[in-house]
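# Secondary and tertiary structure notes
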Amino acid sequence: MAASTHRTCSACGRTNRIPPSHVADRGTCGACKAPLPPSSRPIDVDAALFDAIVGSARVPVLVDFWATWCGPCRMAAPEVERAAAELAGKAVVLKVDTDQNQDLAARYQIRSIPSFAVFSNGKLVSMQPGMARASDLIRRALGSANAA
Ligand SMILES: [Zn+2]
């Protein structure tokens, strides 16, 4: 089964499967044809979904490497939520639980959390550890788009 994300239709409540390459696009509900706005919340991913989205997204991907026991990560979480809402349609925001996904943490040599990475066209363009504000995260995500 191919990795995919899900989006619930606000009109009829039906859950729609969204292919990884379309997470930042406006879609149409398969049941009632109502528009499905682009993803505006952080998406929890495992390695398969991470690779699928980072490898196929046509917009920058901001990744929050975090863990449940990490206090600064919990403080950063509302900022990440805010950034995802602002970035809807312009960038995708992913959350990687580094305890559940130690292979991803090892691949990107995550030594401290939270760490925020930005990917563009499948490539890592920035990685910065430490707590960050929403405005800062947005600037980093969109800055990479301008540079690419
Ligand atoms: Zn619907």
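Anything mentioned here points back to the structure above.
Scoring rules and cut-offs
Residues numbered from 1 in each chain as written. Predicted model: local features only at pLDDT ≥ 70, side-chain atom pairs only at ≥ 80, totals over all residues. Heavy atoms only, no water. Disulfide = S-S within 2.5 Å. Buried < 20%, exposed > 50% of the residue type's maximum accessible area, 1.4 Å probe, protein only. Donors = N, O, S within 2.8 Å, 3.2 Å for Na, K, Ca; no water. 1 Å grid on protein atoms, 1.4 Å probe; cavity = no way out; pocket = protein on both sides within 12 Å on 5 of 7 lines; lining within 4 Å. Points joined across faces, edges and corners; volume = space filled by probe spheres on them. Nonpolar A, V, L, I, M, F, W, Y, C, P; charged D, E, K, R; others polar. Helix = DSSP H or I, 4+ residues; strand = E, 2+ residues; numbered from the N terminus.

### Concerning the state of the cysteines
Overall, the coordinates contain one disulfide when judged by the stated rule. The disulfide partner of Cys70 is Cys73, and the gap between their sulfur atoms is 2.2 Å. Disulfide Cys70-Cys73: the torsion about the S-S bond is 80°, which places it as right-handed. Look at Cys70 and you get buried, because its relative accessible area is 3%.

### Remarks on the coordination of the zinc ion
Bound to the zinc ion on the protein side are Cys9 (SG), Cys12 (SG), Cys29 (SG) and Cys32 (SG), at distances that span 2.3 to 2.4 Å. Binding-site remark: the zinc ion is held by donors from one chain whose sequence spacing is C-x2-C-x16-C-x2-C. The class of Cys9 is buried, set by a relative accessible area of 3%.

### So, empty space enclosed by the protein
Applying the stated criterion to the full structure yields one cavity of 30 Å³ or more. The computed volume of the largest cavity comes to approximately 40 Å³. Contributing to the lining of the largest cavity are Ser39, Ser40, Arg41, Ile43, Ala84, Ala91, Val92 and Val93. Looking at the lining of the largest cavity, its residues break down into five nonpolar, two polar and one charged.

### What about the environment of Ser135?
Within the secondary structure layout, Ser135 lies in helix α4 (residues 134–147). Between the alpha carbons of Ser135 and Arg26 there is a distance of 24 Å; along the sequence they are 109 residues apart.

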